[in-house]
Each structure stands twice: as structure tokens, then as C-alpha cells.
Amino acid sequence: MKAQSEYLLKVEKLLEKVRNQSSTELESAAQAIANCLEKGGLIHVFGTGHSHMLAEELFYRAGGLGNVNPILEEDLMLHLSASRSTEIERTRGLAEQILQKQNIGPHDVFILASNSGGNAVIEEMAQAVKGRGHTLIAVTSITHASAAGARANGVKLHQLADIVLDNYGELGDASISIPGLETKVGPTSSVIGTAIVNAISVRAAEILSARGIKPTVFASSNTSAGERHNSDLVEELRKLVKIL
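Because the structure is a prediction, the values reported are computed rather than measured.

### What about the pattern of salt bridges?
Part 1 of the argument: According to the stated counting rule, one finds 12 salt bridges in the structure shown.
Part 2 of the argument: As a salt-bridge pair, arginine 92 and glutamate 124 come within 3.2 Å of each other at their nearest N and O atoms. Of this pair, arginine 92 sits in the loop between helix H4 (82-88) and helix H5 (95-100) while glutamate 124 sits in helix H6 (residues 120-131), placing them 32 residues apart in sequence.
Part 3 of the argument: Looking at arginine 92, the relative accessible area reads 49%, which means it is partly exposed.
Part 4 of the argument: On the accessibility criterion, glutamate 124 (19% relative accessible area) is buried.
Part 5 of the argument: Ionic pairing is found between lysine 184 and glutamate 170, a salt bridge with its closest N-O pair at 2.8 Å. Here lysine 184 is found in the loop between strand E6 (174-176) and strand E7 (185-187), whereas its partner glutamate 170 is found in the loop between strand E5 (163-166) and E6, with 14 residues between them in sequence.
Part 6 of the argument: Here the salt bridges do not stand alone but share partners, grouping Lys10, Glu170 and Lys184 into one network.

Structural data, given as C-alpha cells:
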């Protein structure tokens, strides 16, 4: 089997594992989001490094929920200095500063994404969210976070969260061995994490609709009707989501 087929099969099996083994957690997360949105709350999404892409995936997205606040800190992303972002995510004392810049309401829910689940900013962010009394949903790899070979120390994200959505990834994230290469290739956390957060968003929309509540949902701006729809939605949500 060629490596590309092996990788795609690996992703397919991981998605099947999420569907079959995490149905209870997916439902709990969707219910928490639906309850939040029913009360006019926001879904705050945060991750460092590549995990920040889950925040971008849920935000301002065709077919995505409107009440999403992505917590995007440039120094913790990759486009300014990738290596520096790794250093910063291990720095203590930043999480509270980041949270203080957000528009946080009493009914809000947080989704924190971290494959390793153990860097300082994620740990402190999770503790701060829990300290404020908000529901915390984690997207993480329990295998990596629990492994003896994991670098990060301290309390792990899955130990702090109310609801844990396991991406079932391997230690180190990469999944495919290539003859002659010491390091595996083919990370899986982003593609599985993206599927997870979209799955719970879809289910949350279904729950709200069943309750007779119409959730705010973005359309594609690349259609004439969608552009008009989104323009109105942005005006409605801008008071809650600053970066709109």
C-alpha cells in the first residue's frame, strides 16, 4: 500500500473510532453548545500552534455557527515566528491576560484544543475557564497526553475539562512510517479535530432547531444570497464578536 493510501485509511479509521467510541461525549458537547446558544452565549475556541486552526475553522465559516469567538493570539500561532510560538506556549502567566481581552458572558462555553494537552498556556487557560464556572470542552489526544514519552508536564487538559473529545491520535501526532525515515509523517490531529468540532456544531444546530430555535449560521459569501445574509449577520454579531 502506498503511503498516501495508508494515511487516508488511517484517517478514515480514526473518524470511525470517533463516531463509534465517542458518541456520548459528542452528544454532551453538542448539548452544552446548544444550551449556550439558546441563552445567547458565545462559543470561545482557543488553541496554540497548529491547534489554533480549529478556532479559525469554526469562525466566520460557510455553514458554521455564528456565535463563535475565536481566540487568536498571533504570538501563539505560526505566521510570525513558528519556533517562538512554541516557546511562548510554554510560558506561564499568559492565559489570564488573554482571557481578559475577550468578551465573556455568563452562559458562554469554551472549546480548548491541544493535541498534547499539557503546555503551560493551555493548562492555565483551562484552569481559568473552570475557575469562572464555564463549561470546558477539550479536543485532545489522550494517548499522547498520557504517554510516558510526552514532553509536557503539569495537569493535562483532559484532566481539567468537563467534556473530553479524543482525537485518538498517536504519541507525536504523526501516523505513517516510511522506510529510511526515523521520524513518522502524516499528522492526524488537525483533520480529526476539524471533523469533531464541525460534528458537534452540526448536532447543536439540530438540537436548537428541534427546540424551535433558529441558530445563527453563516452562508457562503460567494453566492449573492449568502453575501446579503452574512452582511446582516455580521452587523448582528459584531457587538459580541470583536474581530467581525
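There is more to say, and it comes next.
### Thoughts on helix H1 (residues 3-21)
Part 1 of the argument: Here H1 spans 26 Å end to end across 19 residues, near enough to the 27 Å set by a 1.5 Å rise per residue.
Part 2 of the argument: By the burial criterion, the buried members of H1 are Val11, Leu14 and Val18. Considered in projection along H1, the buried side chains sweep an arc of 60 degrees and stay on one side of the axis. Among the exposed residues of H1, those oriented more than 90 degrees off its buried face are Glu12, Lys13 and Arg19.
Part 3 of the argument: Where H1 is buried, its residues contact helix H2 (23-38), E5 and helix H9 (189-210).

Thresholds applied
Residues numbered from 1 in each chain as written. Predicted model: local features only at pLDDT ≥ 70, side-chain atom pairs only at ≥ 80, totals over all residues. Heavy atoms only, no water. Salt bridge = Lys/Arg side-chain N within 4 Å of Asp/Glu carboxyl O. Helix = DSSP H or I, 4+ residues; strand = E, 2+ residues; numbered from the N terminus. Buried < 20%, exposed > 50% of the residue type's maximum accessible area, 1.4 Å probe, protein only. Expected span 1.5 Å × (residues − 1). Arc of directions from axis to C-beta. Contact = heavy atoms within 4.5 Å.

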